[in-house]
Structures are given as C-alpha cells and as structure tokens.
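Here's the letter readout for the chains.
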4 protein chains.
Amino acid sequence: MGANTLGHILQLTSFGESHGAAIGGVISGFPAGVSVSLDFIQQELDKRRPGQSDLTTSRQENDRIEILSGVMDGISLGTPIGFIVRNTNQRSEDYEHLKSVFRPSHADYTYDAKYGIRDYRGGGRASARETISRVAMGAFAKLLLRSFDVHCYAWVSQIGQTSMNRLPNEFELHQIYENEVRCPDSITAKAMRHEIEAARNDGDTLGGIVSGLINSVPVGIGQPVFAKLHADLGAAMLSINAVKGFEYGGGFEMSSRKGSEVLDKFIHNTKNNLLETATNYSGGIQGGISNGQSVYFRVAFKPVATLQQPLDIMTKEGNEKTILPGGRHDACVLPRAAIIVESMAAWIIADHLLWSGLDTIDKIRKAQS
Amino acid sequence: MGANTLGHILQLTSFGESHGAAIGGVISGFPAGVSVSLDFIQQELDKRRPGQSDLTTSRQENDRIEILSGVMDGISLGTPIGFIVRNTNQRSEDYEHLKSVFRPSHADYTYDAKYGIRDYRGGGRASARETISRVAMGAFAKLLLRSFDVHCYAWVSQIGQTSMNRLPNEFELHQIYENEVRCPDSITAKAMRHEIEAARNDGDTLGGIVSGLINSVPVGIGQPVFAKLHADLGAAMLSINAVKGFEYGGGFEMSSRKGSEVLDKFIHNTKNNLLETATNYSGGIQGGISNGQSVYFRVAFKPVATLQQPLDIMTKEGNEKTILPGGRHDACVLPRAAIIVESMAAWIIADHLLWSGLDTIDKIRKAQS
Amino acid sequence: MGANTLGHILQLTSFGESHGAAIGGVISGFPAGVSVSLDFIQQELDKRRPGQSDLTTSRQENDRIEILSGVMDGISLGTPIGFIVRNTNQRSEDYEHLKSVFRPSHADYTYDAKYGIRDYRGGGRASARETISRVAMGAFAKLLLRSFDVHCYAWVSQIGQTSMNRLPNEFELHQIYENEVRCPDSITAKAMRHEIEAARNDGDTLGGIVSGLINSVPVGIGQPVFAKLHADLGAAMLSINAVKGFEYGGGFEMSSRKGSEVLDKFIHNTKNNLLETATNYSGGIQGGISNGQSVYFRVAFKPVATLQQPLDIMTKEGNEKTILPGGRHDACVLPRAAIIVESMAAWIIADHLLWSGLDTIDKIRKAQS
Amino acid sequence: MGANTLGHILQLTSFGESHGAAIGGVISGFPAGVSVSLDFIQQELDKRRPGQSDLTTSRQENDRIEILSGVMDGISLGTPIGFIVRNTNQRSEDYEHLKSVFRPSHADYTYDAKYGIRDYRGGGRASARETISRVAMGAFAKLLLRSFDVHCYAWVSQIGQTSMNRLPNEFELHQIYENEVRCPDSITAKAMRHEIEAARNDGDTLGGIVSGLINSVPVGIGQPVFAKLHADLGAAMLSINAVKGFEYGGGFEMSSRKGSEVLDKFIHNTKNNLLETATNYSGGIQGGISNGQSVYFRVAFKPVATLQQPLDIMTKEGNEKTILPGGRHDACVLPRAAIIVESMAAWIIADHLLWSGLDTIDKIRKAQS
C-alpha cells in the first residue's frame with residue numbers, strides 16, 4: 001500500500017502541499033447509502049481551522065471543502081469520493097528565506113536529502129495543513145459510524161506542565177468543544193490557556209497530550225496479527241505531525257505493575273446478557289480485538305519546532321546561521337490537534353468495523369441474503 | 001493488505017497456531033543475491049526459544065526452522081521464501097479445561113466472539129508462539145541490512161520496578177545477549193533476575209520495557225505521510241503480544257518540555273562533510289524520514305496475564321468460576337521479548353531501505369544502469 | 001500488493017520452486033466457520049497431478065497436501081491457512097545440463113537477467129508445478145462457494161486443430177472429469193487424444209483453449225473501475241503458465257459485429273421476479289459487475305515449449321548449441337490445465353463475493369446485527 | 001488494494017462521475033526529479049477529448065487538467081500528485097428519462113443492483129469519461145519513461161469489418177495521430193472512416209481492435225507469479241470500458257499451432273552483445289518477464305451499446321419499454337480508444353520498471369550509493 005493511503009477496506013489517499021493549489025484526497029471503499037451532510041463535514045473542518053481563536057495561528061483560511069464525486073443528492077454512491085480544500089491565503093514570500101536552509105527539528109533537511117528537492121513554502125507536504133484531509137476523512141467516518149452508534153472523542157489532557165487527571169464521563173465529553181483549548185474541564189482549560197499565553201509571550205512553544213476514547217465499540221472489531229486494532233490506531237496517531245508516543249489502556253504505567261494487580265476480571269451483565277470487565281486495563285482490546293469495553297488511549301505531542309525567537313539554522317552549504325523565523329505558527333498545536341486525533345480514531349474504527357463483516361461465513365451469508 | 005502481512009516492499013505473510021502443525025510464513029520481495037546463513041537464522045530463533053534458561057517457560061521445543069523455497073546454495077533467488085517451524089511439544093491436554101471458558105486479560109473471549117470458534121489450545125493464534133515467524137523474518141532482514149551496515153539492537157531496560165537508565169554505548173550493546181535477562185548492564189540484570197524470581201515465587205507476573213536502537217540508518221529512509229518511519233515502527237511494535245505503548249526520541253516526556261529546550265540544533269561534521277545534530281530528541285527521524293542520527297524507541301509490555309494462582313474465569317454460559325491455570329508460562333516475557341523487538345525493527349528498516357531506492361528518478365536510473 | 005499474492009479480500013500468498021523442498025501458500029481472509037474437507041482438496045489436486053494418465057508427464061508425485069494452520073476439527077478458524085505439498089520425486093540431475101544455457105521460449109533467460117541467479121532445476125519458480133498452490137487455493141474457494149451455490153467449470157474446448165463448438169449444458173459439464181482429456185464431449189475428446197498422441201510421436205507439442213463457465217453468480221459481484229470482475233478474471237488466467245490470451249462473453253468475435261446485433265435485451269422472469277437477458281453477449285458482466293447471467297470466458301494456451309526434438313539453445317556466453325532436452329514434460333498441458341483455470345475462477349469469484357458484502361451500509365448493518 | 005487504485009509501486013487512485021463536479025485522481029509513488037510538462041499532458045488529454053473530429057461525440061468539453069500538488073516549478077516533488085478535470089458541459093437533463101430504466105448492455109442495472117442507488121446522468125461512474133484519469137496518468141508515465149527511452153504506441157487495427165494486417169514499423173507508428181481514425185495506414189483509415197459513417201447513418205454502432213506496441217523495454221521487467229507483465233497489462237486493458245478480450249504475442253492464434261512452429265530461437269547480436277530472438281511469438285515476455293524484444297498485444301472492443309435507434313429498455317418495475325436514446329455518443333469509440341490503451345500500457349510498464357529496481361541486492365546498493 002502506498003505511503004499516502006490509510007486503511008484496509010476504507011481507504012483515504014491524500015495529497016497536497018501547504019502552499020500548492022489545494023489539499024485533498026480520495027476516499028475509496030465508502031459504502032453506498034450513507035447520508036452525507038456537507039454542513040457536518042464543514043463543521044468538523046472548522047474545528048481544526050487556523051484563526052478560529054486567539055490561541056491559534058493568524059493564518060486565516062476559510063478551508064471550504066468541495067466534494068467532487070461519490071455523493072449524489074446527499075447520499076453516498078459507493079463510488080470513490082474525491083474532495084479538495086483550496087489553499088487561499090498563501091503568503092509564500094514569507095518563506096523565501098527558508099529556500100536553502102534547514103531549520104532544527106523540522107523536516108526541511110530530510111525531505112531535501114530524500115528527494116533532492118522540496119517545497120520549502122510553509123513546510124510543503126510536511127506542513128500540518130496536510131491534516132485537513134484527515135479531518136475530512138474523519139468526518140465521513142463519523143457519518144458512517146452513526147449507523148452503528150459508535151462515538152469517538154479526543155480532548156487535550158495535558159499542555160506543558162498542566163494536566164487533567166480526571167477520568168472522562170459523558171457530561172464532560174460534551175464540553176470538549178465548548179472552550180478553545182479543547183479540554184473538557186473548564187478550570188484546567190483556563191490554566192492551560194495561561195500556560196500557552198506565557199509561552200507565546202516568551203516566543204516559546206509547548207507540547208502536550210491528547211487523550212482519546214471510543215465508546216460503544218461492538219465486540220470483535222480488529223484483526224490479528226499485524227492489523228490489531230491498537231496497532232492500527234497507534235500507527236494512525238504516530239503518523240500525525242509532531243506525535244512522539246502512543247499508549248492504550250494501562251499504557252506505559254502498566255509496565256511496572258504486577259499481573260495480579262491489572263487483570264480485567266469478567267463480570268456477567270445480566271441485564272443485557274453481555275460479558276463486561278470489572279476494570280479496563282486492557283483498554284477495550286484483547287489480542288488486537290475489541291471486547292466491548294471502551295477503547296481509550298493517549299497521544300504525546302512534542303512542542304512546536306518553530307519558535308518566535310532567533311533560530312540557529314543550517315544552510316545547504318553547511319554553514320550555521322541565525323535567522324528570525326517568519327511564517328505564522330501556533331505556540332501550541334494541542335487545541336487544534338484534538339479534532340485530528342478524533343478523526344484518525346473514527347477512521348480506524350470505521351475501517352475495522354467494515355472489515356469485521358467478513359469474519360465468518362454466517363455474517364457474509366447474512367449480508368448477501 | 002491482509003491482516004497477516006507486514007511490510008510494503010518486503011512482506012511477511014505469517015500463519016500458525018500454537019498447537020497446530022507448524023508456525024511459518026512467506027517472505028515476498030526479498031531481493032536476489034543475498035547470502036542466507038541458515039545457522040544465523042537458527043541462532044536468532046534460539047534467542048526467543050522457550051526453555052533456554054531457568055527464567056523462561058519449561059516448554060521445551062527445538063524450534064528448528066526449515067526453509068522451503070527461495071534460497072539455493074545459500075543465496076536468495078528473488079522468489080518468495082517459505083519457511084516453517086514445527087510445533088513438536090504440544091501438550092494440548094493441558095488446555096482441555098480452557099475449551100469453554102474465558103480467562104481474564106487474554107484473547108479467549110474476543111476470538112470466540114469474533115469468529116464463533118477458537119483454537120483454545122495454548123492460546124491458538126494469539127499465542128506468543130506466533131512470534132517465531134517474526135524472529136525468522138527479522139533474521140532475514142538482518143542478513144539484508146548487513147549490506148548496508150545498518151544494525152538493530154533491543155534490550156530490556158525495565159522489569160517491574162527495576163530499570164536501567166544508562167544510555168546505550170557500543171560496549172554495552174554487545175553485552176545484551178551475555179546474560180539471560182537481556183539487560184546489557186550486568187548489575188541491573190541481576191536485580192531484574194531477583195525481581196522475576198520473587199514474582200514467580202508468588203505465582204505472580206511482571207511487565208517491563210524493551211528499548212531499541214538502530215545505528216547507521218542512512219539519511220532519507222521513511223515515507224510521508226501515512227508510512228512515516230516511526231509510524232511503521234510503532235505499528236510493528238504494538239502488534240507484538242502484550243505491548244501497551246510505544247514512544248520514540250523524546251517520547252512522552254517531551255510533552256511537558258518547552259520548544260526551546262528540545263530543538264536538535266544542526267552541526268556540520270567537517271570530517272565526513274555530513275550534517276549531524278547536537279542533540280537527538282527527534283530520535284533520528286524528522287517528518288517521518290531518517291536524518292542520519294540513531295533511531296531509538298521504547299516499547300512497554302504489560303505483565304503476563306496467566307498467573308500461577310487461582311484465576312477467576314468466566315464460562316461461555318456466563319458463570320464465574322475459579323480455576324488453577326495449567327500450561328507453561330513465563331513469569332516475565334521481557335527476556336524473550338528483546339529479540340522480537342529487535343527483529344521487528346530490522347524488518348521495518350529493511351522494508352523502508354528498499355523502498356527508498358525509489359525516491360528519485362536519478363536513483364532509479366542508477367539502479368537500472 | 002506483492003507479486004506472489006492474489007486477491008483483494010481473500011488472499012493467497014504462494015511460494016515454491018519445482019525442485020525445492022515444497023510448494024505451498026498461505027490463505028488469508030478465509031472466513032471462520034467453513035467446513036474444510038481435506039479429502040475434497042486432495043481430489044482437486046489429483047486432477048492436476050502429473051502421471052494421472054498416459055497423456056501426461058511421467059513425473060510421478062503423490063502431491064499430498066498438508067494443512068499447517070487455520071483449520072481445527074474440519075472447520076476454518078478465520079486465521080491464516082498455511083499449506084504445503086512436498087516435492088518428492090525430484091530428479092534434479094536431469095537438469096544439470098540446463099545450468100548455464102537458455103532454452104527458447106522458456107523463462108531461463110529472463111529469470112537469469114532479472115535476478116542474476118536462477119534455480120535451473122525443472123524450471124524453478126517458473127515451473128508449472130507452481131500451479132499446485134493455485135489448485136489448492138481453488139479447492140478452498142469452492143468449499144466457500146458451496147454456501148452460495150455458485151459453481152465453476154472449465155473444460156478443454158480446443159487442442160491444436162481439434163475444437164468443440166457445442167455450447168455447455170449441465171449434462172455435459174458433469175462429464176468434464178470423465179475422460180482424461182477434460183473435454184466433456186466424448187467424441188471430440190477422442191479426436192483430441194489422437195492429435196496429442198500424433199504430436200507426441202513427432203516429439204512435438206500442442207496448445208489449445210480452455211473454456212470456463214460460472215453458474216449462479218449473484219447479481220452485483222465485481223468492483224468498478226480497476227477491479228472489474230472480468231479484469232480480475234483475466235489477470236488470474238493470464239498469470240497461468242503458457243496463457244497467451246483471454247476473452248469473455250462475445251470476446252474478440254464481437255469486435256466485428258454491429259451494436260444492433262449484440263445488445264442483450266432484458267426480459268422479466270415473472271416466475272422469480274428477476275431480470276434476465278434474452279442473449280448473453282455480455283458474458284454475465286456489465287460495467288465490471290455481474291448481472292446474474294452465466295459468466296463465461298476462454299483462455300488460450302500456447303504449445304509446450306519443451307519439444308522432444310533436438311533443441312537450439314543459447315549458452316550464457318552467447319554461443320548457440322543444440323541439445324537433446326531431458327526432463328519429463330507433457331506433449332500438451334491442456335488436460336491438466338482445465339482444473340487450474342477452474343481453480344482460478346473459483347478464487348476470483350469467491351474474493352469478489354466476499355467483497356460485495358461491503359457494498360452498502362444496509363448490507364454491513366445486516367452482517368453486524 | 002482498493003478498486004479505484006491501479007499499480008503496485010506507481011499507483012493511481014481515480015475518482016469521478018460523468019456529470020459530477022470533476023474527474024480526477026491521485027498519483028502516488030511518482031519519483032522526484034521528473035520534468036513535468038503541463039503542455040504535454042494537455043496534448044495527451046486532447047487526443048481522447050470528445051468533439052475533436054466529426055467522427056466523435058458532439059459533447060464539447062475543454063477537458064483542461066489542473067495539477068493540484070506534487071509538482072513545483074515543473075519538477076516532480078516525490079509527493080502525491082493530485083489532479084482534476086472539471087466537467088463543464090453537463091446536459092444532465094438529457095438523461096432524466098433514464099433515471100428509472102435499464103438500457104440493454106449498459107451498467108445501469110448492475111450498478112443499481114449492487115449499490116441500491118446510481119448516478120444515472122451520462123453513465124455516472126461507468127461513463128467512458130472516467131478514462132480521463134487514465135490518459136492523465138498515462139501522460140505522467142510517459143514523462144517518466146522518457147528517462148529510459150521506452151516508448152508506447154497504440155493504434156486502431158480493426159473497425160467492424162475493416163482491418164489492417166500490416167505489421168508496425170517506425171514510419172507508420174508516427175502516423176497514428178495523423179488521421180482522426182488513429183489507424184497509421186492512411187488507406188485503411190479511409191475505409192474505416194467510411195464504415196463508421198455508414199454505421200452512424202444507420203443509427204448503428206461498431207466495435208474494433210486496438211493494437212499496442214512497447215519498444216525498447218529493458219530485459220527483466222515484470223514479476224512472477226501473479227504480477228506477470230502480461231497479466232498486469234491484460235488486467236489494465238480489460239478494465240477499460242467495452243473491452244472484451246486481450247491477447248499478446250502469438251495470442252489466440254497460437255493455440256492451434258505446433259510447438260515446433262512457434263519457438264523463439266535465440267540469436268546473439270554481436271554488435272551490442274545482447275541476446276535477441278529470431279521470431280517474437282512470445283510478445284517480448286517469457287515467464288512474465290520482459291526479454292528485451294518488443295512487447296505487443298491486441299485489445300478487443302465491443303460496439304457501443306447506445307444506438308441511435310428505438311431501444312428496448314426495462315423499467316425498474318419490470319416493464320419493457322421502447323425509448324429513443326438521447327445523450328451524445330460516438331458511433332465507434334475506437335478512434336478515441338487508442339490513446340487510452342497507450343496510456344494504460346505506459347502506466348503498467350512504468351510501474352514495473354520502477355519495481356525492477358528492487359530485483360537484486362546489487363541494484364539496491366547501486367541506487368543507494
């Protein structure tokens with residue numbers, strides 16, 4: 001599978017540089033008969049849009065999506081869905097000074113070394129603007145998941161030194177998009193805002209953690225052995241710009257625990273006659289397959305590499321230089337990252353949900369009957 | 001791509017249940033002209049073999065690999081390489097009592113729910129015995145990587161509460177396989193051994209962390225945007241049994257740092273005229289592409305789920321029961337996990353190394369000339 | 001997808017050289033819950049086995065299949081199915097004289113040029129012995145197709161100058177395997193036998209045509225635009241050794257007809273309330289998707305390239321030489337090719353049948369409910 | 001691999017309905033450093049454009065391609081290339097009467113049955129307008145193949161009863177695009193023109209055959225066993241609308257020949273020290289791998305299914321009706337099909353050419369050095 005394609009059954013193939021004509025993609029394997037609300041997709045995109053609050057980059061783009069195929073009268077046709085978002089506010093001249101230099105901890109040098117050429121304007125293909133395709137595809141996935149009552153959430157649980165340790169509950173989840181930090185706890189959200197503002201005033205940047213939760217995942221989603229549900233989730237998250245780590249369920253912390261402390265004992269829910277577990281260290285997944293409990297995970301983001309300080313860069317010729325970085329950048333991308341994580345989770349779950357219709361001959365006969 | 005296949009260019013398709021006739025796989029995309037030493041491959045397999053020390057399960061299997069195709073007179077033919085390892089010491093009767101029950105934190109329930117049937121003997125496909133295919137493929141990858149002088153290492157850096165914080169250096173790396181714990185620091189290794197023995201005496205189990213390092217990775221390996229080098233590494237590691245988390249470079253810890261603290265400033269090595277970085281928070285990867293510095297990462301393993309204590313299990317009919325677990329299990333799999341992590345790393349790097357020969361029209365012309 | 005893998009959902013990855021240890025493969029994506037009869041699979045393999053009649057090569061191999069995984073107590077587990085057939089009657093010394101020469105119209109030269117090395121014994125990977133994996137996978141596909149009452153047939157409709165123009169009917173189809181030529185018309189079969197015997201007496205060889213038919217294909221199988229049902233069928237057939245052409249429905253002959261002569265007019269079958277067509281120039285497929293009529297096609301095989309005559313070959317050094325070919329070869333492979341074509345057809349239809357369960361959100365919900 | 005993606009290394013993912021907003025695609029795996037001439041690509045598209053001569057449909061579209069990514073200052077970046085061609089002259093109202101009826105030998109019924117919904121305007125996804133993406137990708141492939149001096153040609157060798165039996169030579173090949181029929185023999189071209197005009201005057205339609213030739217293919221291109229060069233070529237051709245058959249080299253005719261008549265004897269070209277063959281029944285391919293001789297093949301097209309006569313159609317409700325077909329259609333698509341066949345051939349060869357850089361460890365080391 002190519003490097004620009006994500007998914008086994010439900011596949012996005014994405015394209016686009018930050019300062020090219022457009023960002024876009026093709027969704028293949030999306031079933032026919034799904035209601036597709038353009039408004040909903042646009043709302044999702046608006047959640048990652050720059051310029052949406054005073055915390056984010058001042059690059060103002062409308063980021064209007066145009067669907068080019070695969071949908072007629074608001075219903076999916078089963079054919080591939082092409083979509084684009086035009087790049088309209090490209091101030092390429094801001095980047096002229098980066099043409100033949102490499103910024104530290106950016107992809108300038110590696111793209112140049114790999115391809116012998118790179119689009120230096122605004123990060124080119126390595127720009128976070130590429131994530132527009134991810135949020136668009138995630139919106140399509142969510143439209144599909146509605147049929148199965150599966151819901152994905154992602155929120156900011158840490159920014160720099162400020163973290164929120166409270167566990168999610170339904171009430172708080174609804175609050176994710178009620179503040180500009182995307183932390184569902186309003187008190188922590190305020191502290192996070194202050195930390196971002198302080199960093200920005202210093203010309204510095206911050207990283208953080210996005211936590212994710214998928215509720216009502218049916219039992220049996222995920223494929224052993226190389227397409228385990230959490231392996232695909234992890235790869236999807238690690239493919240997002242600036243991500244340095246992924247853990248699910250008990251995560252890294254579980255490495256120092258004893259087996260007797262972290263077994264998820266089964267209990268029989270006599271109301272719905274389903275098996276549940278008393279605890280959920282497994283993160284809703286056993287052997288790569290969902291067990292019906294909530295899937296939860298954490299994604300670590302490094303701080304933005306473009307500071308608003310004099311920056312030590314390297315020229316192509318091998319000379320050190322100090323420059324003042326131009327361009328428009330967030331001091332902290334976490335507020336805009338939550339919707340990206342949420343979108344990736346939706347895509348992976350939707351892909352695996354479709355795939356699991358092929359598990360048994362009985363399921364397949366039911367589908368065909 | 002199917003659920004049993006790993007890799008883009010270099011692909012392993014694996015098969016096998018713990019108590020079926022054999023574990024094996026097919027390697028496709030392995031180039032012609034590589035020297036294949038059966039002895040080396042067998043030595044690699046011996047590093048994960050059960051019964052190799054008093055710390056591991058007493059299941060005694062020779063685990064002899066048989067290569068069925070793709071190699072003639074010790075040279076690879078460019079055709080697919082089929083291989084098998086017979087399962088010879090199957091005490092299936094040990095598992096009869098698990099036929100219709102679900103153990104906590106195992107994959108019994110999820111396989112059953114997904115497929116309506118499962119091979120309950122020794123974990124079936126979910127058994128860690130499946131990793132034989134991974135170590136075999138990793139050995140092939142290492143034979144290929146020799147041509148490029150790329151070397152992969154993985155060692156145990158934490159077991160339960162005991163961890164080794166010293167950074168790797170070449171001397172210590174050579175010591176990884178000099179003790180049965182696979183921790184290159186002999187003093188820490190002893191402490192780890194004691195912690196494992198204590199847990200085993202209690203009928204309890206431990207998790208831990210395996211650290212990995214890839215040296216001499218050429219610049220330009222890895223593919224944006226969904227096949228980033230670290231995304232593929234992460235997925236490979238997360239697909240190993242019992243893994244709960246993956247981080248690379250600065251990892252989770254980097255989330256709470258400021259940008260100004262973790263920029264990897266370029267320096268010009270005038271001796272070899274290459275660009276290097278003064279620090280390596282990036283973990284040798286920028287934008288998903290290797291930058292020539294060492295790639296390093298950490299993999300978190302949960303404790304083994306099978307305790308040697310009375311275990312609360314659930315019957316298929318929904319009744320709780322307490323059983324004494326049979327079967328033969330490690331109290332801690334970390335000593336045997338190091339070679340698995342190392343093998344996965346070798347495979348991913350080899351796959352991406354081959355792929356990067358297709359980066360530019362100039363490279364392709366050079367290959368064809 | 002690798003070069004050794006066939007199928008989108010249902011995937012065979014095959015391996016094996018003619019004179020290596022074994023021929024085999026891994027089937028991935030085979031659903032759980034299918035009854036797997038080892039006897040049936042062996043009977044299918046026996047239909048392609050050399051030495052089964054006086055018309056075929058005298059190489060005597062038992063070609064016993066061993067299933068290594070994925071099946072327990074005669075039921076598929078949903079996990080990958082590994083299988084092998086050992087090569088037991090390898091007279092490699094017969095081929096020693098071919099080590100450094102290239103035979104005309106064989107793959108000796110091309111393998112050598114591509115890989116710089118080749119297994120010269122019995123054709124290596126290019127041997128028709130590779131088709132063992134195809135017949136084995138086809139047998140699995142047929143076991144799956146039974147659930148959907150879909151049936152595949154292939155028979156010899158031409159050998160050299162002798163052809164059978166009668167259209168298939170159910171009675172004759174049952175006769176395919178009742179004579180050793182695999183032509184369901186017993187009178188033509190006799191003429192074909194005579195033509196083969198005459199060619200063999202001359203040390204010469206013959207080609208021919210295998211016709212195929214798939215009955216009871218449900219409407220809606222096949223995927224636009226690059227995975228059209230007939231495109232996948234065609235690729236599968238063209239991948240068989242010695243095949244030079246593929247046509248379906250009206251085929252090449254339709255190129256010289258007028259549109260008004262070959263329209264398949266719809267008729268409404270009021271008995272079962274289904275749409276049918278009065279004629280079937282479309283070969284049961286429109287726009288790459290099955291329309292419920294029979295799928296039929298023809299596959300052209302060239303004559304065997306190894307004559308039992310003095311053969312003009314070329315040495316690696318560029319010198320012409322005349323040799324007497326050794327080895328054991330059929331004068332005409334068509335009798336053994338019918339089962340291979342049938343197997344490929346079964347695989348492609350099974351793959352597409354599974355895939356079509358993902359067409360609409362309604363089908364997917366039905367499968368999951 | 002999805003149904004809308006073509007290629008192993010070089011992959012096109014296409015999208016678009018005839019009367020949607022646009023037809024387009026994403027090219028992934030295109031190496032960096034290739035000169036991309038927008039003018040050349042547009043010229044290629046103009047060769048398939050409707051309305052280019054009085055022989056083709058009067059649908060007038062400019063079919064201007066817009067490249068959205070992956071190219072900067074006329075050089076490929078190594079990143080995915082997104083492109084679109086807007087649909088500007090959609091007279092959707094012409095198709096209103098087809099909303100709930102099925103035309104004979106069209107894909108109306110099969111799309112409807114498969115997806116439960118279809119874009120009935122102008123054939124939707126099943127329209128030949130989809131081939132715009134194919135010609136665009138073919139143009140990119142040709143730009144890449146220039147570096148290797150590989151050239152693809154396709155021409156009309158038969159229309160209805162008129163055929164051209166002369167073998168190609170360089171002079172004639174240059175004449176392909178010098179008449180509107182795309183037959184490089186000007187006398188035959190005139191006869192073909194008359195046959196098309198006669199059919200059109202009758203409101204009838206014609207099929208025909210496109211022949212293809214690929215010159216200067218390096219030795220060693222193509223992959224055994226399921227990705228044989230001719231199998232991939234065949235699948236590509238069979239995926240084009242209206243194609244009913246594919247043959248290469250000696251083709252179907254070879255089925256009735258004796259082995260002794262069709263062996264391609266090797267000769268040693270002492271001028272360039274290469275091996276050649278005295279004849280080329282093999283069509284330049286042995287064992288699925290190119291042998292350095294010309295690759296040639298033939299593709300059979302059925303007559304266009306939309307006649308300009310009263311047409312017997314079927315309503316969704318199962319009632320027969322006679323309608324007068326509207327819309328704008330060619331009486332014979334062959335003149336516009338040549339460039340499509342040529343484009344598909346270029347893509348397949350380019351894909352395999354890239355792939356063959358991975359054949360041996362020596363090639364890979366050369367590329368990386």
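Higher on the page you've got the structure.
On a predicted model such as this, the values are computed, not experimentally measured, just so you know.

1. Some remarks on the sheet that holds strand β17 (residues 295-301) of chain C
Step number 1: Taken in spatial order, the ten strands line up as β10(C)-β9(C)-β11(C)-β17(C)-β12(C)-β12(D)-β17(D)-β11(D)-β9(D)-β10(D) in an open sheet, and their pairing is antiparallel. Every interior strand has two partners, whereas the edge strands, β10 (162-163) of chain C together with β10 (162-163) of chain D, have only one.
Step number 2: Summarising the sheet, strand β11 (residues 208-215) of chain C and β17(C) pair through seven bridges and their orientation is antiparallel. By the bridge assignment, Val210(C) is partnered in β17(C) with Val299(C).
Step number 3: Contacting β9 (151-159) and β10 of chain C, helix α5 (residues 186-201) of chain C runs over the sheet at an angle of about 55° to β9(C).

2. Here we look at unusual backbone geometry
Both trends apply: most residues other than glycine have a negative phi, and most peptide bonds are in trans.
Step number 1: Put simply, Pro224(A) and Val225(A) share a cis peptide bond, and its omega is 0°.
Step number 2: By the secondary structure assignment, Val225(A) is in the loop between β11 (208-215) and α6 (229-238).
Step number 3: A positive phi angle, near 50°, is found at Asp63(A), a position not held by glycine.
Step number 4: Structurally, Asp63(A) is set in the loop between α1 (38-48) and β4 (65-67).
Step number 5: In the Ramachandran plot, Asn273(B) falls in the positive-phi region, its phi being about 60° despite a non-glycine side chain.
Step number 6: Along the polypeptide, Asn273(B) turns up in the loop between β13 (266-269) and β14 (274-277).

3. Some words on the relation of the copies chain A and chain B
Step number 1: It takes a turn of 180° to lay chain A on chain B, together with a shift of 0.0 Å along the axis; the resulting RMSD is 0.0 Å. A rotation of that kind, with that shift, is consistent with a two-fold axis.
Step number 2: Here 100% of the contact residues of chain A are again contact residues in chain B; the copies associate through an equivalent surface.

4. A few points about α1(A)
The α-helix winds at 3.6 residues per turn, so residues separated by three or four positions along the chain end up facing the same way.
Step number 1: Restricting attention to buried positions, one finds in α1(A) the residues Phe40(A), Ile41(A), Gln42(A), Glu44(A), Leu45(A) and Arg48(A).
Step number 2: Those residues of α1(A) that are buried lie in contact with β4, β7 (81-86), α3 (131-145) and α7 (334-355) of chain A.

5. A short note on helix α6 (residues 229-238) of chain B
Step number 1: Counting buried residues in α6(B) gives ten out of ten residues, a clear majority hidden from the surface.
Step number 2: Leu229(B), His230(B), Ala231(B), Asp232(B), Leu233(B), Gly234(B), Ala235(B), Ala236(B), Met237(B) and Leu238(B) are the residues of α6(B) that are buried.

6. Concerning the interface of chain B and chain D
Accessible area lost on assembly of the parts is the figure often given for the size of an interface.
Step number 1: At the interface, 23 residues of chain B touch 23 residues of chain D.
Step number 2: Buried surface at the junction of chain B and chain D, both sides included, amounts to about 2100 Å², of which 63% is carbon and sulfur.
Step number 3: Contact with chain D buries area across many residues of chain B, yet Leu358(B), Ile361(B) and Gln368(B) alone supply 27% of it, more than any other trio.
Step number 4: On inspection of chain B and its partner chain D, the count reaches zero salt bridges.
Step number 5: Along the contact surface separating chain B from chain D lie ten residue pairs in polar contact (both at pLDDT 80 or more).

7. A look at the state of the cysteines
Step number 1: For the structure on display, the rule yields zero disulfides over all chains.
Step number 2: Cysteine Cys332(B) is unpaired, with the sulfur of Cys183(B) as its nearest cysteine sulfur at 12 Å.

8. Observations regarding the interface of chain A and chain B
Step number 1: Taken together, the 103 residues of chain A in the interface contact 103 residues of chain B.
Step number 2: At the boundary of chain A with chain B, total buried surface from both sides reaches about 8100 Å², with 63% on carbon and sulfur atoms.
Step number 3: Counting the surface chain A buries against chain B, the share from its top three residues, Lys114(A), Phe226(A) and Lys244(A), is 11%.
Step number 4: At the boundary of chain A with chain B, the tally comes to six salt bridges.
Step number 5: The shortest N-O distance in the salt bridge between Lys265(A) and Glu320(B) comes to 3.6 Å.
Step number 6: Taken together, the connections running from chain A to chain B amount to 39 residue pairs in polar contact (both at pLDDT 80 or more).
Step number 7: Counted by class, the side of chain A that touches chain B contains 45 nonpolar, 38 polar and 20 charged residues.

9. Brief notes about the sheet that holds strand β7 (residues 81-86) of chain C
Residues and elements named next belong to chain C.
Step number 1: Taken together, five strands build an open sheet; the order of strands is β1-β2-β3-β7-β4 and the sheet is antiparallel. For this open sheet the edge positions go to β1 (5-6) and β4 (65-67), each flanked by a neighbour on one side alone.
Step number 2: Where β4 meets β7, three bridges bridge the pair, whose relative direction is antiparallel. Considered in β7, the bridge of Ile67 is made with Phe83.
Step number 3: Along the sheet face, helix α1 (residues 38-48) touches β4 and β7 and points at about 145° away from the line of β4.

10. Focus on the nonpolar core
Step number 1: By size, the foremost hydrophobic cluster in this structure holds 358 residues, and its most contacted members are Phe297(A), Phe297(B), Phe297(C) and Phe297(D).
Step number 2: Residues contacting Phe297(A), with those up to four places away along its chain left out, are Val210(A), Ser211(A), Gly212(A), Leu213(A), Ile214(A), Leu233(A), Met237(A), Phe246(A), Glu247(A), Tyr248(A), Val341(A) and Ala345(A).

11. Describing the packing of helix α1 (residues 38-48) of chain D against helix α3 (residues 131-145) of chain D
Residue and element names in this part refer to chain D.
Step number 1: Their axes nearest at 9 Å, the elements α1 and α3 cross at an angle of 140°. When the interaxial angle is binned, α1 and α3 end up oblique. Crossing hand, α1 versus α3: right-handed. Contacts between α1 and α3 involve Phe40, Ile41, Glu44, Leu45 and Arg48 on the former and, on the latter, Thr131, Ile132, Val135, Ala136, Ala139, Phe140, Lys142 and Leu143.
Step number 2: Counted by class, the contact of α1 with α3 contains nine nonpolar, one polar and three charged residues.

Conventions used here
- Residues numbered from 1 in each chain as written.
- Chains lettered and ligands numbered in written order.
- Predicted model: local features only at pLDDT ≥ 70, side-chain atom pairs only at ≥ 80, totals over all residues.
- Heavy atoms only, no water.
- Pairing = 2+ DSSP bridges.
- Helix = DSSP H or I, 4+ residues; strand = E, 2+ residues; numbered from the N terminus.
- Contact = heavy atoms within 4.5 Å.
- Axes fitted to C-alpha atoms, helices over the stretch in contact; angles between N-to-C directions.
- Least-squares fit on C-alpha atoms with pLDDT ≥ 70 in both.
- Buried < 20%, exposed > 50% of the residue type's maximum accessible area, 1.4 Å probe, protein only.
- Buried area = accessible area lost by both parts, 1.4 Å probe.
- Salt bridge = Lys/Arg side-chain N within 4 Å of Asp/Glu carboxyl O.
- Polar contact = N/O pair within 3.5 Å; in protein donor to acceptor, adjacent residues only side chain to side chain.
- Disulfide = S-S within 2.5 Å.
- Nonpolar A, V, L, I, M, F, W, Y, C, P; charged D, E, K, R; others polar.
- Core = buried A, V, L, I, M, F, W, Y, C linked by side-chain atoms within 4.5 Å.
- Parallel < 35°, antiparallel > 145°, perpendicular 65-115°, else oblique.
- Left-handed = near helix turned anticlockwise from the far one by under 90°.

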